[in-house]
Number of protein chains: 4
Amino acid sequence: MKQVILQRPLESHKGNFGRILTIGGNEHYGGAIIMSSSAAVHAGAGLVSCATDSKNLTALHSIIPEAMFINYNNDIDLLKAINASDVLVIGPGLGDDAVALKILRKVILNTNTNQFIIVDGSAITLVAHEAELIQALAVRKTIYTPHQMEWQRLSGIKIADQDDTKNTVKQQKLGATIVLKKHNTTIYHTDGSISQLSVGGPYMSTGGMGDTLTGIIAAFLGQFHFKNYEQVVDCAVYAHSALAQELASSKYVVLPTDIINALQKFMHKYSLQSR
Amino acid sequence: MKQVILQRPLESHKGNFGRILTIGGNEHYGGAIIMSSSAAVHAGAGLVSCATDSKNLTALHSIIPEAMFINYNNDIDLLKAINASDVLVIGPGLGDDAVALKILRKVILNTNTNQFIIVDGSAITLVAHEAELIQALAVRKTIYTPHQMEWQRLSGIKIADQDDTKNTVKQQKLGATIVLKKHNTTIYHTDGSISQLSVGGPYMSTGGMGDTLTGIIAAFLGQFHFKNYEQVVDCAVYAHSALAQELASSKYVVLPTDIINALQKFMHKYSLQSR
Amino acid sequence: MKQVILQRPLESHKGNFGRILTIGGNEHYGGAIIMSSSAAVHAGAGLVSCATDSKNLTALHSIIPEAMFINYNNDIDLLKAINASDVLVIGPGLGDDAVALKILRKVILNTNTNQFIIVDGSAITLVAHEAELIQALAVRKTIYTPHQMEWQRLSGIKIADQDDTKNTVKQQKLGATIVLKKHNTTIYHTDGSISQLSVGGPYMSTGGMGDTLTGIIAAFLGQFHFKNYEQVVDCAVYAHSALAQELASSKYVVLPTDIINALQKFMHKYSLQSR
Amino acid sequence: MKQVILQRPLESHKGNFGRILTIGGNEHYGGAIIMSSSAAVHAGAGLVSCATDSKNLTALHSIIPEAMFINYNNDIDLLKAINASDVLVIGPGLGDDAVALKILRKVILNTNTNQFIIVDGSAITLVAHEAELIQALAVRKTIYTPHQMEWQRLSGIKIADQDDTKNTVKQQKLGATIVLKKHNTTIYHTDGSISQLSVGGPYMSTGGMGDTLTGIIAAFLGQFHFKNYEQVVDCAVYAHSALAQELASSKYVVLPTDIINALQKFMHKYSLQSR
């Protein structure tokens, strides 16, 4: 954490801290992409745009006026936003219908190998059936963030059979970082190394927790520029759970919005120790 | 409280803590179902969906992005949500017109005996005239949460005549738990036993207080799995009023949103004492 | 204050604390009626409904889910709400066009002498030209809350000429309480007596401050039942400014929403001293 | 600061503290103009109206009910609002399309030399191509608030070549105050003098920071009436960054909404020292 959450250079502007594009939030799950966007803003992203259903415009601005809105059904606007982004999050609240798939394809096929792309939630389920997308993601800087059932769908490995050996074999084929969310979340890196999380707990088992994680990963990748970017992913995953653990010392369940609101102070603490 | 608000098992996921569906909120009373949903989230429910009028989508997401939205006029979506739920709340802000009755019928007739169903507010008034619904609820795990006038409508017992003997006779015919909200709220259990609340007070006499209670009951039933589930209902009712009493030590009137915001810390306190 | 802000009787329900109807908020000034409604809720009103433009539904619920919504262009709903209310506020953000006048007429001509009616903002300006409305208000429990220019319009007395003698003559003809808002706000009672406010200050000179006052007056009238109800009005006006003065010890300008959020604790302090 | 943030005169009303009109916020960037408006309210403006896309009405009221709404596509309403204003902000979230240009022209060509006009964001980029607008602004009390790239577009001076000498030559031709936002923000005054900011830092490099500044400048100009109004601009720019610096002692990144929420206490501190 101390090596990653650096004090910011004096000469800098918001472009240095990442242009994030979050994509998701259909009619049912608008809150998911809003929480992802809000987490990205609070975690220090320079600029955050949220591509979502037009029904979510007002709630987005009401919760996080710092974020910008894009109608994800507007092809031209969406394409422009994809091209202007350093880090993309796709999946929170996206759903799994034909509209979701269309948007998912457009996003993945229009990104390039310089951009980070975080694939979450129903986007993982959709990708599982689309060889073309899996191949495209294999040559990008891709981070999948499945829970165990989503990993089963993507990897074909049943939950009961999931272990580091089998997971690594499949992950290597996918050519991507896998953040496998569970009790003691495990991260499989592209070089074959594995990290395991020792913080966090069941107070995090509540809707929207994973959406929030995507925003933190995106913000960290957008602002902390290391060649070994997977170290930054590890750090974001750690921050999310370590902060939840802190908050759980006084709260029975820790909500995504609690984590979001506490990010700035949490990161400050670590930045003081950085060099 | 200590026996019910247990520390969560380490190996768990949000599905373990209940899938809640709140149904209500017409054009006039959107706030009611939003407060019920928000209370459920803050009280630790794993996943909360809110089926309501489409006009309430944005306010729902603005207040509690952790909750999901369903248009309660969309038959297919509503049915799917009913089937996916462990606990249902119907009534807060539902109104008493033809649309309300249609939704109420659909909900009650499509639930099964494994699901909990909390019937509140105008849903109680509507049910009072529908023998078919009363019969369906009698064979389900039903909790009615009437105030005295609603209980008069449902039971036929005038407020002045309501006493434990008469109430129990009627309650046994209804085959449901009755949370009769009043000064010293009384809970009539299906086995004929009675609990009486000794906490709470007139600082709770404000609009939305009952809506909030439904969300807490739902969250407690969703996450605390006891054979004797009515003990959990008792506990939720106690938590709602005991927390209000705590807050009243510094506030003249205690608002529903005050209770909602304080739930996580209140529950934490008790969980420390659980074993 | 100690005589008015009483501890609540144990046996009570929300109906005892007043059914408030706030009416106002056109396309431009939705915030005004929302602040009035929110102030009423926080000041302890039992039930608060807000009749406003349909564009304001979502912002109302987002800010104060405890309040209910009525479309003020729906004649049937508005009339039903008027009849069900103990205290009405008309004016905050109402505007002064033909729609505003139509609603104003409907409200005033459909209230009765048992109801309190607080006439504020543009409603005062509109009333000034309508002899029929002035006469109707003269036989009701009416409280006008003009600032000096609005009082000039209603009374015909130019600001420079306004003094207690002239103001009282006109006020007696109007047969209503006048809360004349200015540096040292003055209240003219129906019995000819006069109160002058010695708290408050220029940190209150900001948009929405008067809207907030209407909600506090309404809540106080709704819950504190004294034969001499103008004592309750005095108390509400005092509470509004005294609380602002407290908050100004740490804030350069005191916003309406600051006052709203601090009302519950402020009232609690006085209720402890009541007997 | 002590000379500018004066204690308010006892005899005053909201009109004394400025009528502010903020103009901007298209479909994509509603949050920008909302933050500008909210900053103006919290910084003590007497009355704040926000002219924006109708899609932003609800988010505006939800975030800052103290502000009033104007549909910026309604020519009559916009013109009326322009005429009624003491200080105008144009640009935050305005965009750079034909609609934006039309509104920009209407605003600039309908203001007069008594009004302050703050030109920000895309409005600067648009103005750069419009000689007629540049000329109109040259005879008004205009404050441009460009970052370095926007200044390049307006001045024709490439970022690498921007220095005080070249900037001053161009600024004198523009006949306006230039707040050039960068590490050590520099302010070029109409009399040729230059101020340089020594507070603030990279924790401010986040979307919406500049929008917030426009609201603070507007509120300061609206309420602090000095012949040398550029001293007030300096002070507003200082307050924005000095407050951010204070907040950065506990937060890794300082968000615009953090600054907005802390303005009232920050200004209070200085007003105590004023005479």
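Preceding this section is the structure that the text describes.
Read on for a plain summary of the structure. Computed from a prediction, not measured in an experiment: that's the story for all the values here.

1. Section: the interface of chain C and chain B
Here is step 1: Between chain C and chain B, the contact holds 34 residues from the first and 30 residues from the second.
Here is step 2: Both sides together, the interface formed by chain C and chain B hides about 2,600 Å², and carbon and sulfur atoms give 60% of it.
Here is step 3: The largest share of the area that chain C buries against chain B comes from Arg8, Glu66 and Gln264 of chain C, three residues that together contribute 24% of it.
Here is step 4: At the junction of chain C and chain B, the tally comes to 0 salt bridges.
Here is step 5: Applying the counting criterion to the chain C and chain B interface returns 12 residue pairs in polar contact (both at pLDDT 80 or more).
Here is step 6: Elements represented by at least two residues in the side of chain C that touches chain B include exactly helix H1 (30-42), helix H2 (57-63), strand E3 (68-71) and helix H11 (256-273) of chain C.

2. Side note on the relation of the copies chain C and chain B
Here is step 1: The two copies are related by a screw operation: chain C maps onto chain B through 90 degrees of rotation and 0.0 Å of translation along the axis, at an RMSD of 0.0 Å. Here the copies are linked by what is in effect a four-fold axis. For chain C, the smallest separation between a C-alpha atom and the rotation axis is recorded for Ser62 of chain C, amounting to 4.4 Å.
Here is step 2: Looking at the interface residues of chain C, only 6% of them are also at the interface in chain B, so each copy uses its own face.

3. What to know about the interface of chain D and chain A
Here is step 1: Contact with chain D, which involves 30 residues of that partner, is made by 34 residues of chain A.
Here is step 2: Together, the buried faces of chain D and chain A total about 2,700 Å²; carbon and sulfur atoms form 60% of this surface.
Here is step 3: Of all residues in chain D, the largest losses of buried area upon contact with chain A belong to His28, Pro202 and Tyr252 of chain D, amounting jointly to 29% of the total for that side.
Here is step 4: Between chain D and chain A we count 0 salt bridges in total.
Here is step 5: Between chain D and chain A we count 12 residue pairs in polar contact (both at pLDDT 80 or more) in total.
Here is step 6: For the side of chain D that touches chain A, the elements supplying multiple residues, two or more each, are helix H1 (30-42), helix H2 (57-63) and helix H11 (256-273) of chain D.

4. So, the pairing of strand E6 (residues 141-145) of chain B
All names here are of chain B.
Here is step 1: Most of E6 is tucked away, with 4 of its 5 residues classed as buried.
Here is step 2: Bridge count for strand E5 (residues 116-120) against E6 is 5 bridges, and the pairing is parallel. Along E6, the bridge assignment pairs Val119 with Tyr144.
Here is step 3: Across 2 bridges, the pairing between E6 and strand E7 (residues 177-180) is parallel. Note on E7: the bridge partner recorded for Tyr144 is Ile178.

5. Section: helix H4 (residues 98-109) of chain D
All names here are of chain D.
Here is step 1: With 12 residues, H4 ought to run about 16 Å at 1.5 Å a step, and its terminal C-alpha atoms sit 16 Å apart, in line with that.
Here is step 2: Turning to H4, its buried residues are Ala100, Ile103, Leu104, Val107 and Ile108. Buried residues in H4, looked at end-on, bunch into an arc of 125 degrees, giving them a common side.
Here is step 3: For H4, the secondary structure elements touched by its buried residues are strand E1 (19-23), helix H3 (75-83), strand E4 (87-90), strand E5 (116-120), helix H5 (122-127) and helix H6 (131-138).
Here is step 4: The distance from a side-chain oxygen at the start of H4 to the backbone nitrogen of Val99 is 3.3 Å, and the residue carrying that oxygen is Asp97.

6. A short note on the sheet that holds strand E6 (residues 141-145) of chain A
All names here are of chain A.
Here is step 1: Strand order in the open sheet made by the 9 strands is E3-E2-E1-E4-E5-E6-E7-E8-E9, with mixed pairing throughout. Looking at the sheet topology across the chains shown, the edges are occupied by strand E3 (68-71) and strand E9 (194-196). Each strand of the sheet is rotated relative to its neighbour by a mean of 15 degrees, with strand direction disregarded.
Here is step 2: Sheet topology places strand E7 (residues 177-180) next to strand E8 (residues 186-188); 3 bridges connect them, and they run antiparallel. If you follow Val179 over to E8, its bridge partner there is Ile187.
Here is step 3: Across the sheet, helix H3 (residues 75-83) is in contact with strand E1 (19-23), strand E2 (47-52), E3 and strand E4 (87-90); its angle to E3 comes to roughly 130 degrees.

What counts, and where the lines are drawn
Residues numbered from 1 in each chain as written. Chains lettered and ligands numbered in written order. Predicted model: local features only at pLDDT ≥ 70, side-chain atom pairs only at ≥ 80, totals over all residues. Heavy atoms only, no water. Contact = heavy atoms within 4.5 Å. Buried area = accessible area lost by both parts, 1.4 Å probe. Salt bridge = Lys/Arg side-chain N within 4 Å of Asp/Glu carboxyl O. Polar contact = N/O pair within 3.5 Å; in protein donor to acceptor, adjacent residues only side chain to side chain. Helix = DSSP H or I, 4+ residues; strand = E, 2+ residues; numbered from the N terminus. Least-squares fit on C-alpha atoms with pLDDT ≥ 70 in both. Buried < 20%, exposed > 50% of the residue type's maximum accessible area, 1.4 Å probe, protein only. Pairing = 2+ DSSP bridges. Expected span 1.5 Å × (residues − 1). Arc of directions from axis to C-beta. Axes fitted to C-alpha atoms, helices over the stretch in contact; angles between N-to-C directions.

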